[in-house]
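An overview of the molecular structure
Chain by chain, the residues run as shown.
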Amino acid sequence: MSSQLKIPSPLRKFTNGESVIDVQGGTVREVLEELFARYPGLQIHLLDESGDLRNFVNVYVNKEDIRHSAGLDTQVKEGSDIRIVPAIAGGADNLPELETGEFNRYSRHFSLPEIGVQGQRKLKAGKVLIVGTGGLGSPASLYLTAAGVGTIGLVDFDTVDESNLQRQILFGVDRLGKSKVQSARERLKALNPYVNVISHEVALSSENALDIIKDYDIVVDGTDNFPTRYLINDACVFLGKPNVYGSIFRFEGQISVFNYDGGPCYRCLYPEPPPPGLVPSCAEGGVLGVLPGIVGSIQANEAIKLLAEIGRPLKGRFLLFDALSMEFSELKLKRNEACAVCGNDPTITDLIDYQEFCGIPSEKTKPKYGEISVHELKEKIDAGETVTILDVRNPFELEVATIPNVLHIPMNEVPANLDKLNPDEEIFVLCRTGIRSGKICEYLINHNFKRVKNIRGGIRAWSLEIDPSVPIY
Amino acid sequence: MAAIHLKSSVVSDFLRHAEKEYPNECCGFIIGTDDTKTKKGVEYLPAANTKDTNRERRFLIDPLAYQEAEDTADERGLSIISIVHSHPDHPDKPSEFDRNHAWPGFSYIIVSVENGNAKNYRSWQLAPDRNNFNEEIIKIIQE
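All residue numbers refer to positions counted from 1 along the written sequence of the respective chain. Chains and ligands are labelled by the order in which they are written, letters from A for the one and numbers from 1 for the other. With pLDDT at 70 or above as the cut-off, local features in this predicted model cover only qualifying residues; side-chain atom pairs require 80 or more to be listed or tallied, and sums for whole chains, interfaces and linings still use all residues. Here the side-chain values reflect all heavy atoms present in the structure, with hydrogen atoms and water set aside.

Thoughts on the side chain of R393 of chain A
- Looking at where R393 of chain A falls in the secondary structure, it is placed in the loop between β16 (388–391) and α15 (395–400).
- Contacts described as polar in this section are N or O atom pairs within 3.5 Å, which, within protein, must combine one atom able to donate a hydrogen with one able to accept it, while residues neighboring in sequence count only if both atoms come from side chains. A polar side-chain atom of R393 of chain A sits 3.0 Å from a polar atom in the side chain of Y473 of chain A. Each helix corresponds to a stretch of at least 4 residues labelled H or I by DSSP, and each strand to a stretch of at least 2 residues labelled E; elements are numbered beginning at the N terminus.

Laid out in structure tokens, this is it:
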């Protein structure tokens, strides 16, 4: 059996100028082995260390790319026309030059061949948007800034609270009550003046998300709620931006890179959010302070890899971390072809109302229960009225802070203890901030309690506005 | 410094092509002779930039177009000696991306186009260790 192999112009110096060579092999692999036996200098130009074709080398058999058939095992028939064809590609770099003052700062990166000066310029060209400057956003923004990512955007609308300091390492006591985004910006500029830090002091919403995200290369999701998580995911899919996802709860963390290079998005994994209230927030469920430090740092690591185009990104992989057992585990994820946003036939093609999608009552759907302020409650107590205050917090919370004469039933024990409550009596429900108590109000109304009211702002508001001797936690 | 000799019509053809494709990158082949001592380019064959996106910063030549150009050259006893591409609003120096995709033996000619006008062009050869490009002298020869 004999067929002809055509050598491309740039490689003919290795074949003594021959452009066409007669070969005998029955597969492309055999043909190439034959070629290398005759012209040993060719192998390193065509195959990589693992024996696969280099990515800028194409082999065609009878005008068909072997990558579209059986690769190197593609059959070669008598008289076949085999060609080695260079993939010809290139283009201009758009990378900024490093300033003189930056060379010493990044010298440990330059020692890494995977990064070097060129990789550092890629980081400088990079634009990363960090949504949420809390537990995850703190380490992520600090490490990305230290690493020299050129532009960092920060989205948050909150102010610094003392209870944040247990894990949100961007902030100190001098920032209490101040804007998170402004405080973060000052901290990051102090860490690395070569980085451009852009403040977006807003709540990310369906109205502004596309406009904000479009100017960035990568989004780091450091949010703590489902509506924003879905909003970020969908916006990233629509704009074609990778979404470096992280989430934390109690002692467990999750990390993945969504919507990157054909990989799955968050909705491929979770098409719909859990029912509201099923998954407690960190405020309700608690979180180990160091946990977001680990998860947020992994997010920074992945963002840096994407920008520098190195390593193996956490695409199609869902990394789970358990801080108590100190174990990492990994789930394999695939893009869901039926995914509503990134699937083959998407049903969602524009941003939606994510509060509604996640079953959270928006302003349009008013809660069925009433509210009472701590001042109104205090007036009733002072006037000598008999008031029933149902405190639904956990027992340890009552040890930290309490107000007199409450009926204490922890939230999850309320359904089993309805007989302790009088459906015709006025009941004021208390928790730390008014969120859990609101859910219990809803529950009681649905179980024929008529006169239930939520104490707005919870015991926190009581401490701040009525009795400062009650500790804030 | 190594040298590449180009017919003046070759140069004017690729400069015109680079200006025509602005703000996108143009790409094409130069065919000619390479007798190991002297490279001589006699004709410029423009190619289509088949990148779907970001054609201002990237080019890609269809492998079938490469085969046609090589066949054209072979039929005339010539070979492909150079790949030309433009850098719109960027210098005529090879990028990191260019180096990662370069082949040994080809002369890579880069045309810098500013605001639609070809400003400068230089020729580069990949070093044998692939670590950098070496500049070549371009000598223009008359028809």
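Focus on the pattern of salt bridges
- Note on definitions: salt bridges are taken to be side-chain nitrogens of Lys or Arg within 4 Å of carboxyl oxygens of Asp or Glu. Applying the stated rule across the entire model yields 34 salt bridges over all chains.
- One salt bridge connects E302 of chain A with K305 of chain A, and the closest N-O pair in it is separated by 2.9 Å. Remark: K305 of chain A and E302 of chain A occur in helix α12 (residues 291–308); sequence separation between them is 3 residues, near one turn of the helix. For the pair shown, E302 of chain A and K305 of chain A are each scored as buried.
- Among the ionic pairs, E385 of chain A bridges to K380 of chain A, the shortest N-O distance being 3.5 Å.
- Buried means the residue's accessible area, taken with a 1.4 Å probe over protein chains only, is under 20% of the maximum for its type, while exposed means over 50%, and partly exposed covers the values in between. On the basis of relative accessibility, which here comes to 40%, the residue E385 of chain A falls in the partly exposed class.
- In the salt-bridge network here, residues are joined through shared partners; they are K6, R12 and R83 of chain A together with E70, D71 and D74 of chain B.

Comments concerning the packing of aromatic side chains
Residue and element names in this part refer to chain A.
- Only Phe, Tyr and Trp rings take part, Trp by its six-membered ring, and two of them pair if their centres are within 6.5 Å. Stacked means planes under 30 degrees apart, edge-to-face means over 60, and tilted covers everything else. One pass over the structure, following the stated rule, counts 17 aromatic pairs over all chains.
- Each ring, one from Y230 and one from F357, has its centre 5.1 Å from the other, and the planes form 80 degrees; the classification is edge-to-face. Taken together, the positions of Y230 in helix α9 (residues 226–239) and F357 in helix α13 (residues 354–357) put the pair 127 residues apart, joining distant regions of the chain.
- Judged by its relative accessible area of 0%, Y230 is buried.
- F357 gets classed as partly exposed once you look at its relative accessible area, which sits at 24%.
- Taking 5.8 Å as the distance between ring centres and 75 degrees as the angle between the ring planes, the aromatic pair formed by F258 and Y266 counts as edge-to-face.
- Here F258 falls in the buried class, since its relative accessible area comes to 0%.
- Every member of this aromatic cluster is reached through a ring pair, and the members are Y230, Y245, F258, Y266, Y270, F318 and F357.
- In this scheme, Lys NZ or Arg CZ marks a charge over a ring once it lies within 6 Å of the ring centre and within 35 degrees of the ring normal. When the ring centre of F226 is taken as reference, the NZ or CZ atom of R229 above it lies at 5.0 Å.

As for the pairing of strand β19 (residues 452–455) of chain A
Residues and elements named next belong to chain A.
- If DSSP finds at least two bridges between two strands, the strands pair. Direction of pairing for strand β15 (residues 370–372) relative to β19: parallel, over a ladder of 3 bridges. Among the inter-strand pairings, I372 is bridged to a residue of β19, identified as I455.
- With 3 bridges joining them, strand β18 (residues 427–430) and β19 adopt parallel strand pairing. Counterpart to I427 in the pairing with β19 is V452.

Examining the sheet that holds β19 of chain A
Residue and element names in this part refer to chain A.
- What the 5 strands build is an open sheet, ordered β15-β19-β18-β16-β17; its pairing is parallel. Each edge of the open sheet carries a strand with a single partner, namely β15 and β17 (406–408). Averaged over neighbouring strand pairs, the angle between their axes works out to 35 degrees when direction is ignored.
- Throughout, a residue-residue contact means that at least one pair of heavy atoms, one from each residue, lies within 4.5 Å. Lines are fitted to the C-alpha atoms to define the axes, a helix being fitted only along its stretch in contact, and any angle between axes, read from their N-to-C directions, falls within 0 to 180 degrees. Where helix α14 (residues 374–382) meets the sheet, its contacts fall on β15, β16, β18 and β19, and the angle it forms with β15 comes to roughly 70 degrees.

A look at the sheet that holds strand β2 (residues 27–34) of chain B
Residue and element names in this part refer to chain B.
- Within the closed barrel, the 7 strands sit side by side as β1-β3-β2-β5-β6-β7-β8. Their pairing is mixed. Going across the sheet, the axis of each strand differs from the next one's by a mean of 35 degrees, ignoring polarity.
- Relative to strand β3 (residues 39–47), strand β1 (residues 3–7) runs parallel, the two being bridged by 3 bridges. Across the sheet, residue L6 finds its bridge partner in β3, namely G41.
- Strand contacts of helix α1 (residues 8–21): β1, β2, β3, β5 (79–88), β6 (107–114), β7 (117–126) and β8 (133–141), with the helix running at about 30 degrees to β3, the strand carrying the most contacts.

Observations concerning the nonpolar core
- Working definition of a nonpolar core: buried Ala, Val, Leu, Ile, Met, Phe, Trp, Tyr and Cys residues. They are joined through side-chain atoms within 4.5 Å. In this structure, L35 of chain A together with F29 of chain B are the most contacted members of the largest nonpolar core, which totals 49 residues.
- At 5 residues, helix α1 (residues 28–38) of chain A tops the list of elements feeding residues into this core.
- Apart from the residues within four sequence positions on either side, F29 of chain B is in contact with E43, Y44, L45, A47, I61, A65, Y66, A69, I80, S82 and I83 of chain B.
- Of all hydrophobic cores here, the second largest spans 39 residues; its members include V195, I218, V287 and F321 of chain A.

Quick look at the interface of chain A and chain B
- Each partner contributes to the interface: chain A provides 27 residues, whereas chain B provides 32 residues.
- In total, chain A and chain B occlude about 2,700 Å² of area from one another, counting both sides; carbon and sulfur atoms represent 57% of this.
- Counting the surface chain A buries against chain B, the share from its top three residues, F56, I88 and A92 of chain A, is 24%.
- Scanning the region where chain A abuts chain B turns up 17 residue pairs in polar contact (both at pLDDT 80 or more). Values labelled buried area give the accessible surface lost by two parts on being combined, using a 1.4 Å probe and summing over both.

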